[in-house]
Amino acid sequence: MSAEEKPEHRHRKELPAEVPSEPKASETPETPAPPVSGAQGLTGRQRLAKGLWPPRVTRPQLIVALLLFVLGLGLAIQVRSNNDSSALRGARQEDLVRILDELDDRTQRLEEEKRSLEEQRTGLENSSDQAEEARKQTVEREEQLGILAGTVAAQGPGITLAIEDKKGAIEADMLLDAIQELRAAGAEAIQINDVRVVASTHLSDADGGGVRVDGRKVDEPYLFKVIGKPQDLEPALNIPGGVVQTLEKEQATVTVTRSEKIVVSALRPAKRPDYARSSSQ
């Protein structure tokens, strides 16, 4: 029997293949660290700046911002308008009281006029002879319109306004301001020197000095004869920043005098309108 056929050799197993042992830690080669990319390489300040810009605005945030802007703009405009200087801011207490009294008087005049018209209407409705009552009211109305139109003379309480302008600094617009202020205070008839002032009156500067009123030259001193309530007319001219102060700034001498009887005698010819006709025709 050969050696390969011996029993001890028949039960022998083969060893596994050799496995290489792991190298020691000291013998392991060093590998480089992976590179840091993206936000991991930024500082805290850089990450904060990157998060804030560019801004990410949503639609609701945009609408709220727009509403806040409009609200702030409205508040700013209101504050500015409240802080604007007023012509009456520097007025004295007695001047403010006088202006309030003037406004009360204007309101009272309008109420009286309204009451007068209502009485006329009641008289026409209740009169037994409506034709005679209508004729009487027509005559009174015609007289009133004649005074306003300057076709008839008028007299009554009022004031005189005398303006001396030795330096020739007074211009037409200053006299026009005086007329408008007097009308606003309730003047019913006005005359400048010998020219009657009506609704269609116009003023302009004259060549060589002076003022033209309805085309007629009027030289200084300018004398206004005004019919109306003196207690309303005089304060209207003397309000702070009003007619008298404006004229005095031009070194003109202004005198306002109350009177119980003012006669406005200058007349204007009645002119028939070229185109206007009564709507009742």
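A brief report on the enclosed structure follows.

## Quick look at the nonpolar core
Then, in step 1: By size, the foremost hydrophobic cluster in this structure holds 31 residues, and its most contacted members are Ile163, Leu175, Leu182, Ile190, Tyr222, Phe224 and Val226.
Then, in step 2: Within the residue set of this core, elements represented by two or more residues are strand E1 (154–164), helix H6 (172–184), strand E2 (189–192), strand E3 (195–197), strand E5 (211–213), strand E7 (222–227), helix H7 (230–237) and helix H8 (243–249).
Then, in step 3: In this structure, Ile163 is in contact with Leu175, Glu220, Pro221, Tyr222, Phe224, Leu247, Ala252 and Thr253, ignoring residues within four places of it in sequence.

## Considerations on the environment of Lys217
Then, in step 1: Mapping Lys217 onto the fold places it in strand E6 (residues 216–218).
Then, in step 2: Through-space distance from the C-alpha of Lys217 to that of Ser204 is 9.2 Å; in sequence the pair is 13 residues apart.
Then, in step 3: Those residues in contact with Lys217, other than ones at most four positions away along the chain, are Ala206, Asp207, Gly209, Val211 and Arg212.

## Digging into H6
Then, in step 1: Given a rise of 1.5 Å per residue, 13 residues ought to cover 18 Å, and the 18 Å separating the end C-alpha atoms of H6 matches this to within 8%.
Then, in step 2: Here H6 has its buried residues at Ala172, Met174, Leu175, Ala178, Ile179 and Leu182.
Then, in step 3: Two residues or fewer past H6, Gly186 is found with a positive phi of approximately 105°.

## Details of the sheet that holds E3
Then, in step 1: With antiparallel pairing, five strands are arranged side by side in an open sheet as E3-E2-E7-E1-E8. What marks the edges here is a single partner per strand, and that holds for E3 and strand E8 (253–264). Averaged over all pairs of adjacent strands, the angle between their axes in this sheet comes to 20°, without regard to strand direction.
Then, in step 2: With six bridges connecting them, E1 and E7 associate as antiparallel partners. Bridge pairing in E7 links Thr160 to Lys225.
Then, in step 3: Helix-sheet contacts for H6 involve E1, E2, E3 and E7, and the interaxial angle to E7 is about 10°.
Then, in step 4: Where H7 meets the sheet, it contacts E1, E7 and E8, and its direction lies at approximately 20° from that of E1.

## With respect to the side chain of Gln191
Then, in step 1: Topologically, Gln191 is positioned in strand E2.
Then, in step 2: In this structure the side chain of Gln191 is engaged in a polar contact, spanning 2.7 Å, whose partner is the backbone oxygen of Asn193.
Then, in step 3: Polar side-chain contacts of Gln191 include one of 3.1 Å to the backbone nitrogen of Ala266.
Then, in step 4: The contacts of Gln191, once residues within four sequence positions are left out, are Leu223, Phe224, Lys225, Val264, Ser265 and Ala266.

## Concerning the pattern of salt bridges
Then, in step 1: All chains considered together, the criterion is met by three salt bridges.
Then, in step 2: With a shortest N-O distance of 3.4 Å, Asp194 and Arg216 are connected by a salt bridge. Taken together, the positions of Asp194 in the loop between E2 and E3 and Arg216 in strand E6 put the pair 22 residues apart, joining distant regions of the chain.
Then, in step 3: When the shortest N-O distance is used, the salt bridge between Arg268 and Asp214 registers 2.4 Å. Residue Arg268 is located in the segment after E8, and its partner Asp214 is located in the loop between E5 and E6; the two are separated by 54 residues in the primary sequence.

The rules behind these values
- Residues numbered from 1 in each chain as written.
- Predicted model: local features only at pLDDT ≥ 70, side-chain atom pairs only at ≥ 80, totals over all residues.
- Heavy atoms only, no water.
- Core = buried A, V, L, I, M, F, W, Y, C linked by side-chain atoms within 4.5 Å.
- Buried < 20%, exposed > 50% of the residue type's maximum accessible area, 1.4 Å probe, protein only.
- Helix = DSSP H or I, 4+ residues; strand = E, 2+ residues; numbered from the N terminus.
- Contact = heavy atoms within 4.5 Å.
- Expected span 1.5 Å × (residues − 1).
- Pairing = 2+ DSSP bridges.
- Axes fitted to C-alpha atoms, helices over the stretch in contact; angles between N-to-C directions.
- Polar contact = N/O pair within 3.5 Å; in protein donor to acceptor, adjacent residues only side chain to side chain.
- Salt bridge = Lys/Arg side-chain N within 4 Å of Asp/Glu carboxyl O.

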